[in-house]
Amino acid sequence: MEAQLKHQDDPTPNRAPAASAATVEDQKTGRILYSRDSRETVGEAFIDEPRMSCRNVDVYYDDKHAIRNVSLDIGRNQVIAMIGPSGCDKSTFLRCLNRMNDTIDICRVTGQIHLDGVDIYDRHIDVVPLRARVGMVFQKPNPFPKSIYDNVAYGPRIHGLAQNKAEMDEVVETSLRRAGLWDEVKDRLDQPGTGLSGGQQQRLCIARTIAVGPEVILMDEPCSALDPIATSIIEDLIDELKQQFSIAIVTHSMQQASRVSQRTAYFHLGDLIEVGETAQIFTNPRHQLTQDYITGRFG
Ligand SMILES: Nc1ncnc2c1ncn2[C@@H]1O[C@H](COP(=O)(O)OP(=O)(O)OP(=O)(O)O)[C@@H](O)[C@H]1O
Ligand SMILES: [Mg+2]
């Protein structure tokens, strides 16, 4: 079986290189066993015309090496799911994509991450507009202690995206509509965002993220604090949002990953083990570690 491996110094990154000598295959299943010495990612980590491209990204917390030499593209108008056991650095990697790790003193990121071809770690990049272009939705809904209206208007106000009240009203309504929340809150926009249900709060946070016109939305386990109904509303929303945005979602739910994503990336102890089309990852993973995780053997 031909293993598709990516080498960090491969000069033609969109072409799958041949298997390396470090690769060991299971004779029976053809799956790739432990090739961790060479830290190669199995599968298609690179795609044509990516929205974001990460190359040789390493992350350290003080002297602890967290993310190890990860290279991965984030596509346009599609969802990539990031899965893996707890503590395998999924959130750490996600936070690299909008420089949220800058807020952690002991955290150091090396390598290249580009958004539409621009190096987001360039010293001339201002992180405030960057984080509007690459928005983030967290595990626990975190509305500001402000009205529903002001939660959504906050970002556009800071970034000067509306010239007057009428324009702001429109941004707020459009964002709440896109987040599927407008009908539920249109008559109580002046009430506190914190008074909404958990699922509504999460949609409010999504509306707040959308309001500043992002290109990419990062979601770190956005449904883990929600019940199944609220979860399914958010999943439908993700499906719709991908028509306009690129979405990277960390999830512990493999059902959720297969429902909402087109590509899946499997992380293990700071390594990106395998990337591929979601259906392939869940039905026919190429790496034994991926297989072990999706069949519940560990994690
Ligand atoms: N702010 C921090 N300071 C120091 N170490 C950290 C920090 N954040 C994360 N780490 C370490 O990095 C490793 C990966 O953590 P991370 O939160 O990225 O994992 P995760 O895959 O998102 O886990 P989970 O699925 O439980 O959310 C852990 O060992 C954690 O202790
Ligand atoms: Mg996490």
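See the structure shown above.
Right, let's walk through the structure included here. This one's a predicted model, so the numbers in the text were calculated from it and none came from an experiment.

Under the defined criterion, the tally for this structure stands at 3 aromatic pairs. When the centroid spacing of 5.4 Å and the interplanar angle of 40° are considered together, the rings of F93 and F267 count as tilted. Residue F93 is found in helix α1 (residues 90-96), and its partner F267 is found in strand β12 (residues 263-268); the two are separated by 174 residues along the sequence. Overall, the relative accessible area of 0% leaves F267 in the buried class. Between the NZ or CZ atom of R108 and the centre of the ring of Y60, over which it lies, the distance is 4.5 Å. The residue whose ring lies beneath R208 is F144, and the NZ or CZ to ring-centre distance is 4.1 Å.

What follows covers the nonpolar core. Ranked by internal contacts, the top residues of the largest apolar core, which has 43 residues, are L176, I206, I217, M219, I238, L241 and I247. Among the elements that line this core, the one with the most residues is helix α7 (residues 228-241), at 5 residues. Residue contacts for L241: discarding those within four places in its chain leaves R178, I206, I210, I217 and I247. Residues I67, M100, C107 and I120 belong to the second largest nonpolar core, which totals 36 residues.

On to a nonpolar patch on the surface. On the surface, a cluster of nonpolar side chains totalling about 270 Å² of accessible area is made up of V128, Y154 and I158. With respect to the secondary-structure elements, V128 resides in helix α2 (residues 127-133). Classification of V128 by relative accessible area gives partly exposed; the value is 46%.

Neighbouring residues of ligand 1: 15 residues in total, closest S86, K90, S91, T92 and H252. Within the side chain of Y61, a nitrogen or oxygen atom sits 3.3 Å from a nitrogen atom of ligand 1. Within the backbone of G87, an N or O atom sits 2.8 Å from an oxygen atom of ligand 1. Here ligand 1 has 640 Å² of accessible area as a free molecule, and 66% of this is covered by the chains. The element best represented in the shell around ligand 1 is α1, accounting for 4 residues. Here the shell around ligand 1 is built from residues that sort into 5 nonpolar, 5 polar and 5 charged.

Our focus in this paragraph is the environment of A257. Examined against the element boundaries, A257 turns out to sit in helix α8 (residues 254-260). Taking the relative accessible area as the measure of exposure, A257 reaches 0% and is therefore buried. Separated by 176 residues in the primary sequence, A257 and A81 have C-alpha atoms spaced 5.6 Å apart. Not counting residues within four places of it along the chain, the set of residues in contact with A257 comprises A81, I83, T251, T278 and F282.

Here the focus is the state of the cysteines. Under the counting rule described, the total for this entry stands at 0 disulfides. No disulfide involves C107; its sulfur sits 6.5 Å from that of C96, the nearest cysteine. Classification of C107 as buried rests on a relative accessible area of 14%.

By the criterion of burial, strand β11 (residues 246-250) is predominantly enclosed, with 5 of the 5 residues buried. Looking at chain direction, strand β6 (residues 79-83) and β11 are connected through 4 bridges and run parallel. The residue of β11 that forms the bridge with M82 is V250. Bridge count for strand β10 (residues 216-220) against β11 is 5 bridges, and the pairing is parallel.

Another point: the environment of F245. Tracing the backbone through its elements, the reader meets F245 in the loop between α7 and β11. Judged by its relative accessible area of 3%, F245 is buried. It is 9.3 Å that separates the C-alpha atoms of F245 and I210, two residues lying 35 residues apart in sequence. Each residue touching F245, except ones within four places of it in the same chain, is listed here: N77, Q78, R178, I210, P214, E215 and I217.

Another aspect to go through is the pattern of salt bridges. Applying the stated criterion across every chain, the model contains 14 salt bridges. Here R55 makes a salt bridge to D73, at a shortest N to O gap of 2.9 Å. One end of the pair, R55, is in strand β3 (residues 52-61); the other, D73, is in strand β5 (residues 70-74), and 18 residues separate them in sequence. Assessed through its relative accessible area of 1%, D73 is described here as buried. Across the pair D150 and R157 runs a salt bridge, and its minimum N-O distance is 3.3 Å. Given the relative accessible area of 47%, R157 is considered partly exposed.

Parameters at a glance
Residues numbered from 1 in each chain as written. Chains lettered and ligands numbered in written order. Predicted model: local features only at pLDDT ≥ 70, side-chain atom pairs only at ≥ 80, totals over all residues. Heavy atoms only, no water. Phe/Tyr/Trp six-rings, centres within 6.5 Å; stacked < 30°, edge-to-face > 60°. Helix = DSSP H or I, 4+ residues; strand = E, 2+ residues; numbered from the N terminus. Buried < 20%, exposed > 50% of the residue type's maximum accessible area, 1.4 Å probe, protein only. Lys NZ or Arg CZ within 6 Å of the ring centre and 35° of its normal. Core = buried A, V, L, I, M, F, W, Y, C linked by side-chain atoms within 4.5 Å. Contact = heavy atoms within 4.5 Å. Patch = residues over 30% accessible without salt bridge, like charges linked within 9 Å, V, L, I, M, F, W, Y side chains within 5 Å. Areas by Shrake-Rupley, 256 points an atom, 1.4 Å probe, with all protein chains shown as cover. Salt bridge = Lys/Arg side-chain N within 4 Å of Asp/Glu carboxyl O. Near = heavy atom within 4 Å. Polar contact = N/O pair within 3.5 Å; in protein donor to acceptor, adjacent residues only side chain to side chain. Nonpolar A, V, L, I, M, F, W, Y, C, P; charged D, E, K, R; others polar. Disulfide = S-S within 2.5 Å. Pairing = 2+ DSSP bridges.

Any link to function would need more than the numbers given here.
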